[in-house]
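Structural description and commentary
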Amino acid sequence: DGRLATDRALRGRPFLVTFVCASCDESCGPQLQLIRGALDDVGRDIPVLAVTVQPETDTPERARTFLLEQYMTGRARFLLGTPRELEPVYKGFFVQRQTDEQEHHARVVLVDAEGFQRVGYNLESSTSENIAHDIGVLEKK
């Protein structure tokens, strides 16, 4: 939607960050389903930022379609930008973006109310229940 997204606007409550591309057939849909399940388990939404790892090809239309297909419209913001704009985000979260030579990281990060990365989840060994539990722990602090 063209609005600037910053982590400062989310301070004061936990939030989730994931790294996806709208054309990914393997890990990106399951990542959002993992998050969707966690939000369902918590019983309410917390902010979710889905950051593109393929900024050259992800467009606003593709991002909207992807969120719609994953039943995450209104539950997650899909963040787009140029590679230069997004590079500090990738570095800050230690994420490799999609390139012709290398696949992107399938990663979800739970950030606490002060903006610190608290828990990193990979797709293979994480569950919605674990993420929901960790959200609950951080909300009690």
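What you see is a predicted model; the values in this text were computed from it and never measured.

Attention now moves to the pattern of salt bridges. Scanning all chains against the criterion turns up seven salt bridges. Here Asp7 ties to Arg11 by a salt bridge, and the two come within 3.0 Å at their closest N and O atoms. Given a relative accessible area of 34%, Asp7 falls into the partly exposed group. Arg118 is the salt-bridge partner of Asp112, the closest N and O atoms lying 3.1 Å from each other.

Taking 1.5 Å of rise per residue, 13 residues should cover 18 Å, and helix H4 (residues 128-140) covers 19 Å from first to last C-alpha, within 8% of that figure. Restricting attention to buried positions, one finds in H4 the residues Ser128, Ile131, Ala132, Ile135 and Leu138. Axial view of H4: buried residues confined to an arc of 125°, hence all on one face. Facing away from the buried side of H4, by more than 90 degrees, are the exposed residues Glu129, His133 and Lys140. Each element contacted by the buried residues of H4 is listed here: strand E1 (15-20), helix H1 (28-42), strand E4 (107-111) and strand E5 (117-122).

A separate point is the state of the cysteines. In the structure shown here, the tally under the stated rule is zero disulfides. Of all cysteine sulfurs in the structure, the one in Cys28 sits closest to Cys21, which takes part in no disulfide; the separation is 4.3 Å. Classification of Cys21 as buried rests on a relative accessible area of 3%. The closest cysteine sulfur to the non-disulfide-bonded Cys24 is located on Cys28, 3.3 Å from its own sulfur. With a relative accessible area of 16%, Cys24 lands in the buried category.

What counts and how
- Within any chain, residue numbers begin from 1 and follow the written order of that chain's sequence.
- With pLDDT at 70 or above as the cut-off, local features in this predicted model cover only qualifying residues; side-chain atom pairs require 80 or more to be listed or tallied, and sums for whole chains, interfaces and linings still use all residues.
- Excluded from the side-chain calculation are hydrogens and water; included are all heavy atoms of the structure.
- We count a salt bridge whenever a side-chain nitrogen from Lys or Arg sits within 4 Å of a carboxyl oxygen from Asp or Glu.
- Residue exposure (1.4 Å probe, protein chains only): buried if accessible area is under 20% of the type maximum, exposed if over 50%, otherwise partly exposed.
- Starting at the N terminus, helices and strands are each numbered in turn, a helix being any DSSP run of H or I of at least four residues and a strand any DSSP run of E of at least two.
- A helix is expected to span 1.5 Å for every residue after the first.
- To obtain the arc, one takes the directions from the helix axis to the C-beta atoms.
- Any pair of residues with heavy atoms lying within 4.5 Å of one another is described as a contacting pair.
- The term disulfide is used for any two cysteine sulfur atoms that are within 2.5 Å.

Function cannot be inferred from these measures alone, as they are strictly geometric.
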